[in-house]
Amino acid sequence: MYYSSTRDSSIRLTASEAVLKGLSDDGGLFVPSEFPTLPVSLEELADMDYKETAFAVMKGYLDDYTEDELKDCIDKAYDSKFDTEEIVPMAEADKAYYLELFHGPTIAFKDMALSILPHLLTTAVKKNRSDKEVVILTATSGDTGKAALAGFADVPGTRIIVFYPKDGVSNVQKLQMVTQNGNNTFVVGVDGNFDDCQSEVKAIFGDADLRKKMADAGFAFSSANSMNIGRLVPQIAYYVFAYGRLVKNGRIRPGDEINVCVPTGNFGNILAAFFAKRSGLPIKTFICASNDNKVLFDFFKTGVYDKNRQFILTDSPSMDILISSNLERLIYMSAGCDAQKNKKLMESLAKEGKYEITADMKEFMDSFVGEYADWAESSGKIRSLYENTGYIIDTHTAVAAAAYDKYVHDTGDKTVTVIASTASPFKFARSVLKAIDKKYEDGEDFELINILSEKANVDIPPAIEEIRDAKVIHDTVCKREGMRDYVLNNMGLR
Ligand SMILES: *Cc1c(COP(=O)(O)O)cnc(C)c1O
């Protein structure tokens, strides 16, 4: 097995080389040449803990890592940084299963992959005898930034530069990033939206002259975005783990199909579920939930991807995205792994902002259903779930939960469904409380956090306590056109 680029089929890398590079030089994403099947039966999953499950899943995909290397990475990642021994608990509320992916150090699901990526990457550096300092270049819609900073802070041989849309993240998200410690961490606010940040980061990655210059100076880029397979692969594990828990708790029998419903932005999380299916997990339907930026909803309905529309700032900022990078991997697979065909569509996206897929390609993805929920629907869901069950979900999870209700209403499908719960409500306390009662709209951030703790009957997570009095360390701001210069300056290349 090897990794190829979605835009150039002549490329063949080992898994560790792909982790190290992050993004292919041609602008494409790395994809496995074949999908490994799970090495254990669905019955056996019921008795495996999170680390065992992660190992079983990851060793097929990261096949040039030795078993010891992989186990070591997994041990270092899924430890007491998580606030529960289970790592990923599952809550049952109102006929759905909420897979709580936010118990890591920065209280969003990005921790699931970003607590292991630094270990996978430093192991890859050793394996490939690279002598370059790795520069992690990251665009964030709010949560990747902090999770990547926390993961890479003071990791020898690396430095990390994070670009975030300066007016497009929640106050807590911003505070988490700009107070980050570590001599190798750099955080920059960009006068633009997430798509601006991500497109410019991709452009910097794709600059061959710059890569040469950097190599001469002893640097190499990598990515902490879900473009990196080192992020995608660890995310497959929690869907497999969720299935095992459902079997263990007698909710399904081994072999039964489940649905997954995922609040989607860059299409990484839901694509990991699709990879789980390719590896043998019985998933029937992938419910892809969008907020008002519903490019993906329209795409799954019509087969036309069209980003030419207004970018809307919502209360689920980590999903405010019009160019979902990881969709490219699904497009490539749906085109029969034809890199040329995929490349043409991506060029059309870059030039005209849109492309249309063929009927065959659409059929390939018929297990995906697009749904969306606006603020009225998602806030209504937060409120009703709280009033009926006492369970409080964050604004992103609420988009998925409301979309799931619409899906059930439209289809009558009663299949057991796992909803990816992607962030702690504490990260978005203002919006969550506003959904429960309008009177909370104007409160002070940390006051609201105290109120939320009382209402949810949940302790305030350390990730929030940490930023209460923390000093702002990073106050750099630039325009999109300034990002490249910032990166050059950072490496002393100007
Ligand atoms: C990143 C993020 C998402 C979107 O996930 P993708 O993998 O980009 O589709 C959803 N919710 C939260 C809280 C996030 O941080």
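By convention here, each chain's residues receive numbers from 1 onward along its written sequence. The predicted nature of this model means local features are confined to residues of pLDDT at least 70 and side-chain atom pairs, given and counted, to a pLDDT of 80 or more, with totals for whole chains, interfaces and linings taken over all residues. To get the side-chain values, all heavy atoms of the structure are used, and hydrogens and water are removed first.

> Quick rundown of the sheet that holds strand E9 (residues 219-223)? Include the residues and the values.
At least two DSSP bridges between two strands are required for those strands to pair. By definition, any uninterrupted DSSP run of H or I lasting at least four residues is a helix, any uninterrupted run of E lasting at least two residues is a strand, and each is numbered from the N terminus. Here we have five strands laid out as an open sheet, ordered E9-E6-E7-E8-E16, and parallel in their pairing. Looking at strand neighbours, the two that pair on one side only are E9 and strand E16 (476-479), the edges of this open sheet. With strand direction ignored, the average angle separating the axes of adjacent strands in the sheet is 30 degrees. Taken together, the four bridges between strand E8 (residues 185-191) and E16 define a ladder with parallel strand orientation. The residue bridging Val190 from the neighbouring strand is Cys478, located in E16. On the sheet, helix H10 (residues 208-217) packs against strand E6 (133-139) and E9 and is oriented at approximately 120 degrees with respect to E9. Note on geometry: axes are lines fitted to C-alpha atoms, helical ones only across the stretch in contact, with angles between N-to-C directions running from 0 to 180 degrees. By the convention used here, residues are in contact when the closest approach between their heavy atoms is within 4.5 Å.

> Describe in detail the pattern of salt bridges, supporting the description with residues and values.
Within this document, salt bridges are pairs made up of a side-chain nitrogen of Lys or Arg and a carboxyl oxygen of Asp or Glu, the two lying within 4 Å of each other. With the rule as written, the count across this model stands at 29 salt bridges. A salt bridge links Lys294 to Asp298, with the nearest nitrogen and oxygen atoms 3.5 Å apart. In this structure, the salt-bridge partner of Asp315 is Lys434, at a minimum N-O distance of 3.1 Å. Placement of the pair is Asp315 in the loop between strand E12 (304-306) and helix H14 (327-334) and Lys434 in helix H19 (residues 429-436), with a sequence separation of 119 residues. Categorising residues by exposure relies on relative accessible area from a 1.4 Å probe, with only protein chains included: less than 20% of the type maximum marks a residue as buried, more than 50% marks it as exposed, and the intermediate range marks it as partly exposed. A residue is classified by how much of its surface remains accessible, and Asp315, at 22% relative accessible area, is partly exposed. In the salt-bridge network here, residues are joined through shared partners; they are Lys21, Asp25 and Arg211.

> Tell me what's going on with the pairing of strand E10 (residues 258-263), and back it up with residues and numbers.
Across the six residues of E10, six count as buried, placing the element largely inside the fold. Here E10 shows no split at all, with Ile258, Val260 and Val262 on one side and Asn259, Cys261 and Pro263 on the other all buried. Direction of pairing for E10 relative to strand E11 (residues 283-290): parallel, over a ladder of five bridges. Looking at E11, one finds that Val260 is bridged to Phe286. With its strands directed away from the observer, a crossover is right-handed exactly when the path from the first strand over the helix to the second travels clockwise. Viewed along the sheet, the connection from E10 through helix H12 (residues 268-278) into E11 turns out right-handed. Inspection of the sheet shows E10 paired to strand E15 (residues 417-421) by three bridges, in the parallel sense. Counted as the bridge partner of Cys261 is Ile419 from E15.

> Now, about the packing of H12 against H14: what can you tell me, with residues and values included?
A pair of packed helices can be characterised by two numbers: the angle between their axes and the separation between those axes. One way to put it is that H12 packs onto H14 with a least axis distance of 10 Å and a crossing angle of 35 degrees. The two elements H12 and H14 cross, and the hand of that crossing is left-handed. For the pair formed by H12 and H14, the contact residues are Leu271, Phe274, Phe275 and Arg278 on the first element and Arg329, Leu330 and Met333 on the second. Two helices cross in a left-handed way if the nearer one is turned anticlockwise from the farther one by less than a right angle. They cross in a right-handed way if the turn is clockwise.

> So what about unusual backbone geometry? Which residues, and what values?
Here Asp94, not a glycine, exhibits a phi torsion of approximately 50 degrees, which is positive. Here Asp94 lies in the loop between strand E4 (90-93) and strand E5 (96-100). Classification of Asp94 by relative accessible area gives partly exposed; the value is 40%. Even without being glycine, Asn457 reaches a positive phi, approximately 60 degrees. Tracing the backbone through its elements, the reader meets Asn457 in the loop between helix H20 (445-456) and helix H21 (462-468). We classify Asn457 as exposed; its relative accessible area is 70%.

> Can you lay out the environment of Tyr61 for me, pointing to particular residues and giving the numbers?
Note that Tyr61 resides in helix H3 (residues 50-61). Given the relative accessible area of 1%, Tyr61 is considered buried. If we ignore the near neighbours within four places in the chain, the residues touching Tyr61 are Met1, Tyr3, Ala15, Pro32, Phe35, Pro36, Val233, Ile236, Phe275 and Ser279. As used in this structure description, the phrase polar contact means that two N or O atoms lie within 3.5 Å; if the pair is within protein, one of them must be able to donate a hydrogen and the other to accept it, and residues adjacent in sequence are counted only when both atoms belong to side chains. A polar atom in the side chain of Tyr61 sits 3.2 Å from the backbone oxygen of Phe275.

> Give a detailed account of the sheet that holds E10, specifying residues and quantitative values.
The strand order E4-E5-E15-E10-E11-E14 describes an open sheet built from six strands, whose pairing is mixed. What marks the edges here is a single partner per strand, and that holds for E4 and strand E14 (368-372). Ignoring which end each strand starts from, the neighbouring axes of this sheet average 25 degrees apart. Relative to E14, helix H13 (residues 295-302) is tilted by about 140 degrees, and along the sheet it contacts E11 and E14.

> How would you summarise the packing of aromatic side chains if you had to cite specific residues and measurements?
Pairing of aromatic rings covers Phe, Tyr and the six-membered ring of Trp, with a centre-to-centre limit of 6.5 Å; geometry is then stacked below 30 degrees between planes, edge-to-face above 60, and tilted otherwise. With the rule as written, the count across this model stands at 22 aromatic pairs. Seen from their ring centres, Tyr78 and Phe82 are 5.8 Å apart, and the 55 degrees between their planes marks the pair as tilted. The buried category is assigned to Tyr78, whose relative accessible area is 2%. Look at Tyr238 and Tyr239: their rings are 5.0 Å apart centre to centre, the planes differ by 50 degrees, and that puts the pair in the tilted class. The same class applies to Tyr238 as to Tyr239, namely buried. Grouped by ring-pair contacts, the aromatic residues Phe267, Phe274, Phe286, Phe299, Phe300, Tyr305, Tyr355, Phe364 and Phe368 constitute a single cluster.

> Describe the pairing of E6, listing the residues and the values that go with them.
Here E6 lies mainly inside the structure; six of its seven residues are buried. You can see the chain leave E6, run along helix H7 (residues 143-152) and come back into strand E7 (residues 158-165), and the turn it takes is right-handed.

> Describe the nonpolar core, naming the residues involved and giving the relevant values.
A general tendency of soluble globular proteins is for nonpolar side chains to be buried together. The set of buried Ala, Val, Leu, Ile, Met, Phe, Trp, Tyr and Cys residues whose side-chain atoms join them within 4.5 Å is what this entry labels a nonpolar core. Tyr50, Tyr78, Tyr239, Phe267, Ile331 and Tyr355 are the most contacted members of the largest nonpolar core, which totals 112 residues. It is helix H11 (residues 229-248) that contributes the most residues to this core, 13 residues altogether. With sequence-adjacent residues up to four places away left out, Tyr78 is seen in contact with Tyr50, Lys51, Ala54, Ile87, Met112, Ser115, Ile116 and Pro234. Counting 45 residues, the second largest nonpolar core, distinct from the first, contains Ala93, Ala108, Ile382 and Ala429.

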